[in-house]
Amino acid sequence: MEKQYWLHRITHEAAASYSLLEHGFLPTGWEGLSNRDFLSKMKSADVNGFRGLMDNEGVTQRSRWSLFNFSRFKKGDIVLVPQWGGIFALYEVLDEMRCIETIDLPADITRQWDEQPIEKENGRLYSIQNKERHKYDLGFFVPVKELKKEIQRKNVSPLLQTKMKNRNTTANLNEDANVKVEIDEICSLPPGEQPKRKSLYSAAVEALQKSSFFQQYLNSDELENLVAIYMKKIGADRVDIPSKNDPRKGNHADADVIADFDRLKVRVYILVKQHVG
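We now turn to the structure provided with this report. (Residues numbered from 1 in each chain as written. Predicted model: local features only at pLDDT ≥ 70, side-chain atom pairs only at ≥ 80, totals over all residues. Heavy atoms only, no water.)

## Concerning the overall build of the chain
Okay, step 1: When helices and strands are tallied, the chain shows 9 helices and 13 strands.
Okay, step 2: Within the chain, the fraction of its 277 residues that count as buried is 42%.
Okay, step 3: In the chain, 63% of the contacts between residues at least 6 apart in sequence involve partners at least 24 apart.
Okay, step 4: With the model as given, the accessible surface of the chain reaches about 16,500 Å², and the carbon-plus-sulfur share is 48%.
Okay, step 5: If the 41 positive side-chain charges of the chain are averaged to one point and the 40 negative ones to another, these points end up 3 Å apart. (Helix = DSSP H or I, 4+ residues; strand = E, 2+ residues; numbered from the N terminus. Buried < 20%, exposed > 50% of the residue type's maximum accessible area, 1.4 Å probe, protein only. Contact = heavy atoms within 4.5 Å. Areas by Shrake-Rupley, 256 points an atom, 1.4 Å probe, with all protein chains shown as cover. Lys, Arg positive; Asp, Glu negative; His and termini not counted. Charge placed at Lys NZ, Arg CZ, Asp CG, Glu CD.)

If you want it as structure tokens, here you go:
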């Protein structure tokens, strides 16, 4: 099966969840539903079956669909995890969803921020919090492998940045091919290297090159005017579009645009042709 792409946001039981993630476990909530029989039914259910399953449990809130998405994770899928501080990380799913009771908890694992030990008892996770025993509302997890960490959100496309604003806990990223391509490109970067976001100018030029904009909206004279504007933008002191028989052209009679750069002591003769195909 082709790999799928997902977003999973850690907001619930964050102190424990981030520690679990560092040890290769990506958790989610729903501790009250965590048993092997329910998990088996959930994995095999389609959308309507899942709705009926949750209705039978008295769970009707929209957040249940995040659990449905989480249950769709398969080996080889990629999960984007937004994190605090304007960064995110990417993980590869190593196996399907499991009940929290099956987690092989490292002996020395602690909560983030206060380093209280995380313990497992009777198939559930606990810590001492405010001098009281706190049971974590974490019911399921998938084993994962870190692919990329501390990727700056500002370095990715506006489209991917927008996807990370999705407030659902678990969201499907498979609907946009550009998002999947960008995630794969980030995964292929050398260790420690950040993605390089295209400048607005580069993106606009690339988009225009792939479109028929020039052919549809510019005649030959308008194209020459556009080139003249480009020359002014890059610092030409004087830009002229001479008539076809202008004697200033001299040996450069085919030039359609002439640009002078005084500091460089350079005159640029530009031949502008509009081609289709």
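## Quick look at helix α4 (residues 64–71)
Okay, step 1: In terms of residue burial, α4 counts as a mostly covered element, since 7 of its 8 residues are buried.
Okay, step 2: Along α4, the residues classified as buried are Arg64, Ser66, Leu67, Phe68, Asn69, Phe70 and Ser71.
Okay, step 3: Packed against the buried residues of α4 are β1 (5–8), β2 (25–28), α2 (36–44), α3 (47–56), β9 (140–152) and β10 (170–172).

## Side note on the pairing of strand β12 (residues 257–261)
Okay, step 1: Extensive coverage of β12 is indicated by the burial of 5 of its 5 residues.
Okay, step 2: Neither face of β12 is left uncovered, since the one carrying Val257, Ala259 and Phe261 and the one carrying Ile258 and Asp260 both have all their residues buried.
Okay, step 3: By the bridge criterion, 3 bridges tie strand β11 (residues 238–240) to β12 in an arrangement that is antiparallel. Residue aspartate 240 lies in a different strand from β12, and its bridge partner there is isoleucine 258.
Okay, step 4: As defined by bridge partners, β12 adjoins strand β13 (residues 266–270) across 5 bridges and the pair is classed as antiparallel. Bridge assignment links valine 257 to a residue of β13, and that residue is isoleucine 270. (Pairing = 2+ DSSP bridges.)

## Thoughts on the nonpolar core
Okay, step 1: Leu26, Met42, Leu67 and Phe140 are the most contacted members of the largest nonpolar core, which totals 30 residues.
Okay, step 2: Elements that contribute at least two residues to this core include exactly α1 (14–22), α2, α3, α4, β3 (78–83), β4 (87–93) and β9.
Okay, step 3: Ile78, Phe88, Ile183 and Leu189 belong to the second largest nonpolar core, which has 16 residues in total. (Core = buried A, V, L, I, M, F, W, Y, C linked by side-chain atoms within 4.5 Å.)

## Quick look at α3
Okay, step 1: Taken together, the buried positions of α3 are occupied by Phe50, Leu53 and Met54. Looking down the long axis of α3, one finds its buried residues gathered within 95° of arc, a one-sided arrangement. Turned more than 90 degrees from where α3 packs its buried face, Asn48 and Asn56 sit exposed.
Okay, step 2: As for α3, its buried residues are in contact with α2 and α4.
Okay, step 3: N-capping of α3 is provided by aspartate 46, with a side-chain oxygen placed 3.3 Å from the backbone N of asparagine 48.
Okay, step 4: Phi turns positive, to about 75°, at glycine 58, one or two residues after α3. (Arc of directions from axis to C-beta. Polar contact = N/O pair within 3.5 Å; in protein donor to acceptor, adjacent residues only side chain to side chain.)

## Examining the sheet that holds strand β6 (residues 119–121)
Okay, step 1: Strand order in this open sheet of 3 strands is β6-β7-β8, and the pairing throughout is antiparallel. The sheet terminates laterally at β6 and β8 (132–135), the two strands that pair on one side only. Across the sheet, the mean angle separating the axes of adjacent strands is 40° when strand polarity is ignored.
Okay, step 2: Pairing between β6 and strand β7 (residues 124–129): 3 bridges, direction antiparallel. Paired with glutamate 119 across the strands is tyrosine 126, a residue of β7. (Axes fitted to C-alpha atoms, helices over the stretch in contact; angles between N-to-C directions.)

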